[in-house]
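# Notes for the structure review
The primary structure of each chain is shown beneath.
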Amino acid sequence: MAAFVRTRLFLDCRELTFAATDIATLTLRRNRARNCGVNSRVENFYAVWRERCRAVNVLRDGGSTPPEKLLQAVWQHQRIQRDQLKTADGKNLRVLHPGFASVEGGPDFRGAVLQFENEPPVSGDVEIDLQPGGWHAHGHDKNPNFKNVVLHVVWEAGTPASGPARNERPVALPLKNTLDAPLAELALALENESGLPENLRGKCSAPLRDLSEPQLTELLHAAAKVRFQNKASAILARAKNSGWEQALWENLFRALGYKHNVWPMQNLAETKPRWTRGADSAFAIQARLLGVSGLLPDELTRAQKSSDTFLRRAWDIWWRDRDEFESCILPREVWKFHGLRPANHPQRRLALASHWLASENLVAKIEGWCATELPEKKRVESLHEIFQIERDEFWSWHWTFKSARLAKPQPLLGTARVTDLAVNVVLPWLWIRAREGGNEKFQREVERRFFAWPAAEDNSVLKLARQRLLGTSNPRILKGAAQQQGLMQIIRDFCEHSNAVCADCRFPDLVQAWKAPSSNIQAPEKFQ
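Keep in mind that this is a model prediction, so the values were computed, not measured.

Tallying each qualifying case throughout the model produces 20 salt bridges. Across the pair arginine 82 and glutamate 270 runs a salt bridge whose closest N-O atoms are separated by 2.6 Å. Of this pair, arginine 82 sits in the loop between helix H3 (68-76) and strand S1 (93-97) while glutamate 270 sits in helix H9 (residues 262-270), and the two are 188 residues apart along the sequence. Taking the shortest distance from any N to any O, the salt bridge between arginine 444 and glutamate 447 comes out at 2.6 Å.

Moving on: the environment of glutamine 512. Looking at the element boundaries, glutamine 512 is found in helix H20 (residues 507-514). Sequence-wise, glutamine 512 and proline 207 are 305 residues apart; in three dimensions their C-alpha atoms are separated by 5.7 Å.

In this section: the packing of helix H14 (residues 362-371) against helix H16 (residues 415-436). Think of two packed helices as two axes; the pair is described by the angle between the axes and how far apart they sit. In the contact formed by H14 and H16, the axes pass within 11 Å of each other and the chain directions differ by 80°. By the angle class used here, H14 and H16 are roughly perpendicular. Seen from H14, the contacting residues are Val363, Ile366, Glu367, Trp369 and Cys370; seen from H16, they are Val426, Leu427, Trp429, Leu430 and Arg433. Partitioned by chemical class, the residues of the contact of H14 with H16 number eight nonpolar, no polar and two charged.

Attention now moves to H14. For H14, the buried fraction is high: nine of the ten residues fall into the buried class. Regarding H14, the residues found buried are Leu362, Val363, Ala364, Ile366, Glu367, Gly368, Trp369, Cys370 and Ala371.

On to the packing of aromatic side chains. The tally for this structure, following the rule as stated, stands at 21 aromatic pairs. An angle of 15° between the planes, with centres 4.8 Å apart, marks the rings of phenylalanine 45 and tryptophan 514 as stacked. Of this pair, phenylalanine 45 sits in helix H2 (residues 45-54) while tryptophan 514 sits in helix H20, and the two are 469 residues apart along the sequence. Residue classification places tryptophan 514 among the buried residues on the basis of a relative accessible area of 6%. Aromatic rings pair up to connect Phe45, Tyr46, Trp49, Phe494, Phe507 and Trp514 into one cluster. A cation over a ring is seen here: arginine 313 above phenylalanine 283, with NZ or CZ 4.0 Å from the ring centre. The ring of phenylalanine 100 carries lysine 336 above its face, with NZ or CZ at 5.1 Å from the centroid.

Turning our attention to the confidence of the model for the chain. Across the chain, pLDDT averages 84, with 83% of residues at or above 70. Predicted confidence for residues 161-166 stays below pLDDT 50, and this span has ten contacts to residues more than four positions away or in other chains. A low-confidence stretch, residues 518-524 (pLDDT under 50), is modelled with 14 contacts involving residues beyond four sequence positions or located in other chains.

Turning next to the packing of helix H7 (residues 213-242) against H20. Relative orientation of the contacting elements H7 and H20 amounts to 130°, with a least axis distance of 12 Å. The orientation of H7 with respect to H20, classified from their angle, is oblique. Considering the relative orientation of H7 and H20, their crossing is right-handed. Residues Gln215, Glu218 and Leu219 of H7 touch H20, and the partners they reach there are Phe507, Val511 and Trp514.

Before going further, it helps to examine the side chain of serine 396. By secondary structure assignment, the location of serine 396 is in the loop between helix H15 (379-387) and H16. Overall, serine 396 belongs to the buried group, its relative accessible area being 3%. In this structure the side chain of serine 396 is engaged in a polar contact, spanning 2.8 Å, whose partner is the backbone nitrogen of aspartate 392.

Quick look at the state of the cysteines now. The tally for this structure, following the rule as stated, stands at zero disulfides. There is no disulfide at cysteine 204, and the cysteine sulfur nearest it, in cysteine 495, is 5.6 Å away.

Once that is clear, we can look at the side chain of lysine 272. Note that lysine 272 resides in helix H10 (residues 272-275). Residue contacts for lysine 272: discarding those within four places in its chain leaves Gln246, Trp249 and Leu357.

Each full turn of the α-helix corresponds to 3.6 residues, which orients residues three or four apart in the same direction. Compared with the 20 Å implied by 1.5 Å per residue over 14 residues, the 20 Å span of helix H13 (residues 346-359) between its first and last C-alpha is a close match. Across the 14 residues of H13, eleven count as buried, placing the element largely inside the fold. The set of residues buried in H13 consists of Pro346, Gln347, Arg348, Arg349, Leu350, Ala351, Leu352, Ala353, Ser354, Trp356 and Leu357. Looking one or two residues beyond H13, the residue adopting positive phi is glutamate 360, at roughly 70°.

The buried count for strand S4 (residues 122-128) comes to five of seven residues, which makes it a mostly enclosed element. The sheet contact formed by strand S3 (residues 109-116) and S4 spans four bridges and is antiparallel. Looking at the pairing, valine 113 lines up with serine 123 of S4. Where S3 hands over to S4, the hairpin turn is made up of five residues, of which glutamate 117 adopts a positive phi near 55°. With four bridges joining them, S4 and strand S5 (residues 149-154) adopt parallel strand pairing. The residue of S5 that forms the bridge with isoleucine 128 is valine 153.

The subject of this paragraph is unusual backbone geometry. Unlike most non-glycine residues, glutamine 78 shows phi in positive territory, near 55°. Residue placement: glutamine 78 occurs in the loop between H3 and S1. The backbone of tyrosine 258 shows a phi angle near 55°, a positive value even though the residue is not glycine. Note that tyrosine 258 resides in the loop between helix H8 (244-256) and H9.

Next up on the list: the nonpolar core. Of all hydrophobic cores here, the largest spans 81 residues; its most connected members are Phe253, Trp356, Trp369 and Phe387. Residue contributions to this core peak at twelve residues, all from H16. Sequence-distant contacts of tryptophan 369, that is, excluding residues within four places in its chain, are made with Leu374, Arg379, Ser382, Leu383, Ile386, Val426, Leu427, Leu430, Arg449 and Trp453. Counting 30 residues, the second largest nonpolar core, distinct from the first, contains Trp49, Leu208, Leu219 and Cys502.

When you line up the elements, phenylalanine 325 lands in the loop between helix H12 (305-321) and H13. Sequence spacing of phenylalanine 325 and valine 292 is 33 residues, and the spatial spacing of their C-alpha atoms is 7.1 Å. In contact with phenylalanine 325, other than residues within four places in its own chain, are Arg274, Trp275, Arg288, Val292 and Trp318.

What counts and what doesn't
Residues numbered from 1 in each chain as written. Predicted model: local features only at pLDDT ≥ 70, side-chain atom pairs only at ≥ 80, totals over all residues. Heavy atoms only, no water. Salt bridge = Lys/Arg side-chain N within 4 Å of Asp/Glu carboxyl O. Helix = DSSP H or I, 4+ residues; strand = E, 2+ residues; numbered from the N terminus. Axes fitted to C-alpha atoms, helices over the stretch in contact; angles between N-to-C directions. Parallel < 35°, antiparallel > 145°, perpendicular 65-115°, else oblique. Contact = heavy atoms within 4.5 Å. Nonpolar A, V, L, I, M, F, W, Y, C, P; charged D, E, K, R; others polar. Buried < 20%, exposed > 50% of the residue type's maximum accessible area, 1.4 Å probe, protein only. Phe/Tyr/Trp six-rings, centres within 6.5 Å; stacked < 30°, edge-to-face > 60°. Lys NZ or Arg CZ within 6 Å of the ring centre and 35° of its normal. pLDDT = per-residue confidence, 0-100. Left-handed = near helix turned anticlockwise from the far one by under 90°. Polar contact = N/O pair within 3.5 Å; in protein donor to acceptor, adjacent residues only side chain to side chain. Disulfide = S-S within 2.5 Å. Expected span 1.5 Å × (residues − 1). Pairing = 2+ DSSP bridges. Core = buried A, V, L, I, M, F, W, Y, C linked by side-chain atoms within 4.5 Å.

Next up, the structure:
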């Protein structure tokens, strides 16, 4: 607990609706010793369904072997102590990118970027097995599709089965002693990514359509509570190692990575204490960020004068700092640009982050926002004001280094992205801090804002879920962000553990039984 960082608050006391002592206890009390596990949810009926159907309470640390699918999820979501990884042969390992889950056979993850000891980063595939002997037993050694595997992730080291010479096998990484949370908790918290059929309505569609509007809201909010607490649990796991503020920054950076660049952003945030030291302006931070990220071009464009002026200034700073931060520099290969909208290119996201870091009081502003009484319609706008920046002299006028100057400046952060930051980062971070500090007033306020938050932008996952579970393509059926979050959690917990015909899925029967008049429906706007 001693590692937790207390945050200075720069708050106007006249605007606060809570006492200063309430704010102070946002930070974890050092002398508290109580069990605050996020799985203590017996009064949340949806959490009870989830635990029964997933049957994960048989998993116990030290004596259980997880299913391979869970091990894959642990790797995909990097629910491990990333700064303490050692391969079976004792080498330090840094995961710059865990790779993308494969859905076409072959290795479990494609395109991972890893660094062993101080060697140059390598790109390749990752295979997941429970035991090292699986490499030979499963025929990976003879399958040409596995020739690019650079890491064999296993549950425990064990003894490899007889087979090819050791130097012909990829190095093994045991995960058993590196998890960042208990095994049973991870089994409930992790959300596996997998594809779903686009035109087959689920068996739960009929009973869900029969629910009244208040019942459907209650069900979706109960599922949203589970999703929210899972996010808070992941933040807490990181905060125990690095402190509250660092955990917040890492999750903000992850959110700026959008779907495809989460892990490069995570790696940058993990080394933030190094490359922010001594930087005296937003531009200096930005130059270092571009250099450390590997996204600062080595050559001028020779076509865009404004871009070349920017690059010269950035290199004037980076060439002096490059040697000091060499061990932090990411290879450009970890970034994915294909399919990105111009406004979402990582260089623009890094420019936004540099302004946040230069302001120095972003964390205090977030805490003050939570402590200030605001009309419901002002909450999104007021949070947007905290995260929005003054115009960046270059990136407000350019999509990329090679693009022409825009006729009008474009914001580096849109209102829609503020909702993503709120429900995925800011509100879970505030809530878990308040809970760990025993500050129930702040907990209730965060919960109230979460359930009242307006809906986020629609996306392909929500569109398919509405058609498959709710029998409609109309996005207005989901009244707020919490309902959207709840629907996505149901997909993760049930649909992705069944198949296209809903074989062995208990969710339809659970909904059918729950909607009966004798059901004890609880108010969703209070976390248990």
